[in-house]
Amino acid sequence: MEVILMEKQFKRLPLLKIVFMYDIDMESVEMTLDVMKYVLNRITSVSPELGHPKSEEELRALVGETITEEGIGGERAFQLFKDVLIKATVPIDHPRHLAFVPASPTRASIMFDLVTSASSIHGAYWMEGAGGIFCEMEAMKWLVSLTGLPQGAFGVFTSGGTAANLSAMVTARENWRKNPENIGQKGLMITSVGAHSSIKSMAKVIDADVLLVETEDRMSQEDLKEKIDSLSPEQRKRLFAVVATGGTTNAGIIDDLDGVAGICEAENLWFHVDAAYGGGALAADSVRHLFHGIERADSITIDPHKWLFSPYDCGAIIYKNPELAKEAHSQEGSYLEIFKDPGAHGFNPSDYQIQLTRRVRGLPLWFSLAMHGTDKYKSSVEQGISLAQLAGELIKENPNVELVREPSLSCVLFRRKGWTPDDYRNWTYKNHREGFALVTPTKWRTADDFETIARFCFINPDTTKEDVLAILNSMD
Ligand SMILES: *Cc1c(COP(=O)(O)O)cnc(C)c1O
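Conventions adopted
- What you see as residue numbers is a count from 1 along each chain, following the sequence as written.
- Reporting in this predicted model follows two pLDDT cut-offs: at least 70 for local features of residues, and 80 or more for side-chain atom pairs to be given and counted; totals over whole chains, interfaces and linings ignore these cut-offs and use all residues.
- For side-chain calculations, the full set of non-hydrogen atoms in the structure is used, while hydrogens and water are omitted.
- UniProt positions are given in the numbering used here, feature names are shortened, and annotations may be inferred rather than shown by experiment.
- The near set for a molecule or strand comprises every residue that places at least one heavy atom within 4 Å of it.
- Between N or O atoms, a polar contact is any pair within 3.5 Å; within protein, one atom must be a potential hydrogen donor and the other a potential acceptor, and residues adjacent in sequence are included only when both atoms are from side chains.
- Only the protein chains shown count as cover for residues, and all accessible areas are computed by the Shrake-Rupley method using a 1.4 Å probe.
- Think of it this way: any DSSP run of H or I at least four residues long counts as a helix, any run of E at least two long counts as a strand, and we number them from the N terminus.
- Residues are sorted three ways: Asp, Glu, Lys and Arg are charged, Ala, Val, Leu, Ile, Met, Phe, Trp, Tyr, Cys and Pro are nonpolar, and all the rest, Gly among them, are polar.
- Helix span, expected: 1.5 Å multiplied by one less than the number of residues in the helix.
- Each residue's exposure class comes from its accessible area (1.4 Å probe, protein chains only) as a fraction of the maximum for that residue type: buried when under 20%, exposed when over 50%, partly exposed otherwise.
- It is the directions from the helix axis to the C-beta atoms that the arc portrays.
- Throughout, a residue-residue contact means that at least one pair of heavy atoms, one from each residue, lies within 4.5 Å.
- Strands were regarded as paired on the criterion that DSSP finds at least two bridges between them.
- Axes, fitted as lines to C-alpha atoms, cover a helix only where it is in contact. Angles between the N-to-C directions of the axes lie from 0 to 180 degrees.
- We define a salt bridge as a side-chain nitrogen of Lys or Arg found within 4 Å of a carboxyl oxygen belonging to Asp or Glu.
- Whether a crossover is right-handed depends on one test, that the path from the first strand over the helix to the second runs clockwise when the strands point away from the viewer.
- pLDDT expresses, on a scale from 0 to 100, how confident the predictor is about each individual residue.

- Where an unreviewed UniProt entry is consulted, the chain appears under the name Diaminobutyrate decarboxylase, with the organism given as Galbibacter marinus.
- The record held by UniProt for the chain lists under Cofactor (unreviewed entry) the comment "pyridoxal 5'-phosphate".
- The annotation that UniProt attaches to the chain under Sequence similarities (unreviewed entry) is "Belongs to the group II decarboxylase family."

Here it is, written out as structure tokens:
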């Protein structure tokens, strides 16, 4: 690659010209072909090798020094990557990778991720990125339409759910501080135990306090009301936002969004819905009703890199009133003024989230949506939900295991009767070591206990009933 870059910089000639007219630098041609060959192999293999980590020392012993003054050459570096380093990673799109929230980017989106890189588009401002940003906006229009938010709602793509949540929280806090009484006050937010860890950690970033509704199950209107009623007058003054979850990461539980919306409207609080994982299910007719009330949110996080089949990294933040986000995020600077000029007029994604220079990371999603159509997305999300239902049935039929709760969205929580936390851990490591599957334990909170249990999260439509059966059988 460095050879290609140097050619580009110093000779300003397109690669093909260099190759075919000047007949030089066969190394870069071969490397380009090698890379394309690798990519094609990788995206056409439905069951890639399930690698596992090695320690840093082991990896260093295997690959040696790779960054040297002279360079080790593209062929050698790529060989080390293929022979050693990639094997120390777990392909998140493996059909028996059911841990955390897996992913399953479409081939179209992966290929277009390469195109996005090769095109060198600066995605911050319309002036430079117009054609790419236009595509992102087309994909965003579809996402917004899934939410049912009113006319005027719009969003931008972010690096992920964490950045999307942070962008929303900054917007909410800045909006709250427009009231002079709140300037200099420390904000307070309410969410539930089931909320994703990023809510608490991003609250640290904006130096806000977080109070938790004590349930990992569905946060109801009554739960929230009770929590607000329990606040001291001082706390109530500092309360500016409520975060509900549209599909908890652990269990796929959707809070009572409509009930929470009602309270937020009555109490004049910002209503954020974190649907980073569950947002894809807005496309699925079979469960769409569970999200009733999401159309009343002030902001919504959805991660296309989770359940909308985009490659990493691609999150999204959508606002009911994007102007408020612009007031909070738009950066000023003498060298940036030209971008705000009416002559460069257009949508500037940087004005609506925390990042300035940005990859047009919605572009792979756009291409894949354009190629396949939204119906394919609907049916692929439905497939994850069906797999969770099917897994639930298989668990009920198997005497060794039992459901902890009915499957929700594409998450299934279940226990292996008689197992201790160590049994779950050993089982996970054994399956991983053998390159068979990656299924990790989790905890489920009951009234007075955290129980260690097993969990499936289905994203990949290529996962089969046989995969699920084989994993359940590995618990015998
Ligand atoms: C995964 C997840 C996040 C964090 O998203 P990243 O893309 O990992 O930053 C936030 N909220 C929920 C509900 C999630 O599932």
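## Side note on the site of the ligand
Then, number 1: Neighbouring residues of the ligand: 13 residues in total, closest Gly161, Thr162, Asp274, Asp303 and Lys306.
Then, number 2: The separation between an oxygen atom of the ligand and a polar side-chain atom of threonine 162 is 2.6 Å.
Then, number 3: For the ligand, an oxygen atom lies 2.9 Å from a polar atom in the side chain of histidine 305.
Then, number 4: Protein chains shield 86% of the accessible area of the ligand, which is 380 Å² for the free molecule.
Then, number 5: Broken down by secondary-structure element, the contributors of at least two residues to the shell around the ligand are α8 (161-176) and α13 (304-307).
Then, number 6: Looking at the shell around the ligand, the element that brings in the most residues is α8, giving three residues.
Then, number 7: Class assignment for the residues of the shell around the ligand results in two nonpolar, eight polar and three charged.

## Regarding helix α18 (residues 421-433)
Then, number 1: Here α18 spans 18 Å end to end across 13 residues, near enough to the 18 Å set by a 1.5 Å rise per residue.
Then, number 2: Of all the positions in α18, only Tyr424, Trp427, Thr428, Asn431 and His432 are classed as buried. All buried residues of α18 lie within an arc of 125° about the axis, which places them on one face of the element.
Then, number 3: Along its buried surface, α18 packs onto β9 (411-416), β10 (441-446), β11 (449-457) and α19 (465-473).

## Regarding the sheet that holds strand β5 (residues 270-275)
Then, number 1: With respect to topology, seven strands assemble into an open sheet ordered β1-β7-β6-β5-β4-β2-β3, the strand pairing being mixed. Of all strands in the sheet, those bounded by a partner on one side alone are β1 (154-158) and β3 (209-213). Geometrically, the sheet is characterised by an average inter-axis angle of 20° between neighbouring strands, direction not taken into account.
Then, number 2: Strand direction decides the pairing type here: β1 and strand β7 (residues 315-319), joined by five bridges, are antiparallel. Within β7, the residue paired with threonine 158 across the bridge is glycine 315.
Then, number 3: Relative to β3, helix α10 (residues 221-229) is tilted by about 135°, and along the sheet it contacts β2 (188-192), β3 and β4 (239-245).
Then, number 4: Helix α12 (residues 257-267) rests against β4 and β5 of the sheet, and its axis sits at about 155° to β5.

## What about the sheet that holds strand β8 (residues 401-403)?
Then, number 1: Taken in spatial order, the four strands of this open sheet run β8-β9-β11-β10, and their pairing is antiparallel. Each having just a single partner strand, β8 and β10 make up the two edges of the open sheet. Across this sheet, the average inter-strand angle for adjacent strands is 50°, counted without regard to direction.

## Focus: the pattern of salt bridges
Then, number 1: Applying the stated rule across the entire model yields 29 salt bridges.
Then, number 2: Here arginine 359 ties to aspartate 113 by a salt bridge, and the two come within 2.9 Å at their closest N and O atoms. Highlighted residues: arginine 359 in the loop between α15 (337-340) and α16 (363-372) and aspartate 113 in helix α6 (residues 107-119), separated in sequence by 246 residues.
Then, number 3: For arginine 359, a relative accessible area of 29% translates into the label partly exposed.
Then, number 4: Using a relative accessible area of 18% as the deciding quantity, one classes aspartate 113 as buried.

## Examining unusual backbone geometry
Then, number 1: Cis geometry marks the peptide bond from tyrosine 312 to aspartate 313; its omega dihedral reads -10°.
Then, number 2: Along the chain, the position of aspartate 313 falls in the loop between α13 and β7.
Then, number 3: You will see that aspartate 207, though not glycine, has its phi angle at about 55°, which is positive.
Then, number 4: Tracing the backbone through its elements, the reader meets aspartate 207 in the loop between α9 (197-205) and β3.

## Things to note about the pairing of β4
Then, number 1: In terms of burial, β4 is largely enclosed, as seven of its seven residues are buried.
Then, number 2: When β2 meets β4, the two strands line up parallel, connected through three bridges. When the sheet's bridge partners are listed, isoleucine 190 is paired in β4 with valine 242.
Then, number 3: In this structure, β4 lies alongside β5, joined through five bridges in parallel fashion. Bridge pairing in β5 places valine 243 opposite histidine 272.
Then, number 4: Read as a crossover between parallel neighbours, the route from β4 over α12 to β5 is right-handed.

## Some points on the confidence of the model for the chain
Then, number 1: Considering every residue of the chain, the mean pLDDT works out to 93; 94% of them sit at 70 or more.
Then, number 2: Low pLDDT, under 50, characterises residues 18-24; the predicted model gives this stretch eleven contacts beyond four residues in sequence or across chains.

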